[in-house]
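The residues making up each chain are set out below.
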Amino acid sequence: AMKFLNEVSLLAESEGHHPDLHLTNYRSVQVDLTTHAVGGLALPDFVLAAKIDTIKVEYSPKWLKEQEALADKAPSPKE
């Protein structure tokens, strides 16, 4: 999570657009993008979001196992 936050901060600096970053439980990250001047989302938010999406994330084996278990319990979509 810390590596991801550091990479987001580098991108934010290069874009001159700074999201609110939240770290909980040392591995859960929330990124909030908004442009306060317009009171919502603007083009810089979408540009930064697209660049953040390109950051390679390494998931812990424990987290992957938890996600697989949740997926197995989820109801299948109706066709």
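Counting starts from 1 at the beginning of each chain's written sequence and moves along it residue by residue. In keeping with the predicted nature of the model, local features appear solely for residues at pLDDT of at least 70, side-chain atom pairs appear and are counted solely at 80 or more, and the whole-chain, interface and lining totals rest on all residues. Heavy atoms from the whole structure form the basis of all side-chain values; hydrogens and water molecules are not counted.

(A) Quick peek at the packing of aromatic side chains. Only centres within 6.5 Å qualify two rings of Phe, Tyr or Trp (six-membered ring in Trp) as a pair; their planes then separate them into stacked at under 30 degrees, edge-to-face at over 60, and tilted for everything else. Enumeration according to the criterion identifies 1 aromatic pair in this entry. Where tyrosine 59 meets tryptophan 63, the ring centres are 4.6 Å apart and the plane angle is 15 degrees; that geometry is what we call stacked. Type-normalised accessible area, obtained with a 1.4 Å probe on protein chains alone, sets the label of each residue: buried when under 20%, exposed when over 50%, and partly exposed for intermediate values. Here tyrosine 59 falls in the partly exposed class, since its relative accessible area comes to 46%. Tryptophan 63 gets classed as partly exposed once you look at its relative accessible area, which sits at 29%.

(B) Broad picture of the pattern of salt bridges. Here a salt bridge means any side-chain nitrogen of Lys or Arg lying within 4 Å of a carboxyl oxygen belonging to Asp or Glu. On inspection of all chains with the given rule, the structure shows 3 salt bridges. Residue glutamate 58 is joined to lysine 3 by a salt bridge in which the shortest nitrogen-to-oxygen separation is 3.9 Å. A residue pair is termed long-range when its members are at least 10 positions apart, and glutamate 58 in the loop between helix H2 (43-52) and helix H3 (61-73) and lysine 3 in helix H1 (residues 2-15) qualify at 55 residues. The class of glutamate 58 is exposed, set by a relative accessible area of 69%. A salt bridge links arginine 27 to glutamate 66, with the nearest nitrogen and oxygen atoms 3.4 Å apart. Placement of the pair is arginine 27 in the loop between strand S1 (20-24) and strand S2 (28-32) and glutamate 66 in helix H3, with a sequence separation of 39 residues. For glutamate 66, a relative accessible area of 32% gives the class partly exposed. Secondary structure counts use DSSP, requiring at least four H or I residues in a row for a helix and at least two E residues in a row for a strand, with both numbered from the N terminus.

(C) A look at the side chain of aspartate 45. Tracing the backbone shows aspartate 45 in helix H2. A positive count includes Lys and Arg, and a negative count includes Asp and Glu. His and the chain ends are not counted in either. The charged side chain of aspartate 45 is buried without a salt bridge, its nearest counter-charge being lysine 51 at 13 Å. A 3.5 Å cut-off defines polar contacts: any pair of N or O atoms within that distance qualifies, except that in protein one atom must be a possible hydrogen donor and the other a possible acceptor, and neighbouring residues in sequence count only when both atoms are side-chain atoms. In this structure the side chain of aspartate 45 is engaged in a polar contact, spanning 2.6 Å, whose partner is the side chain of histidine 17.

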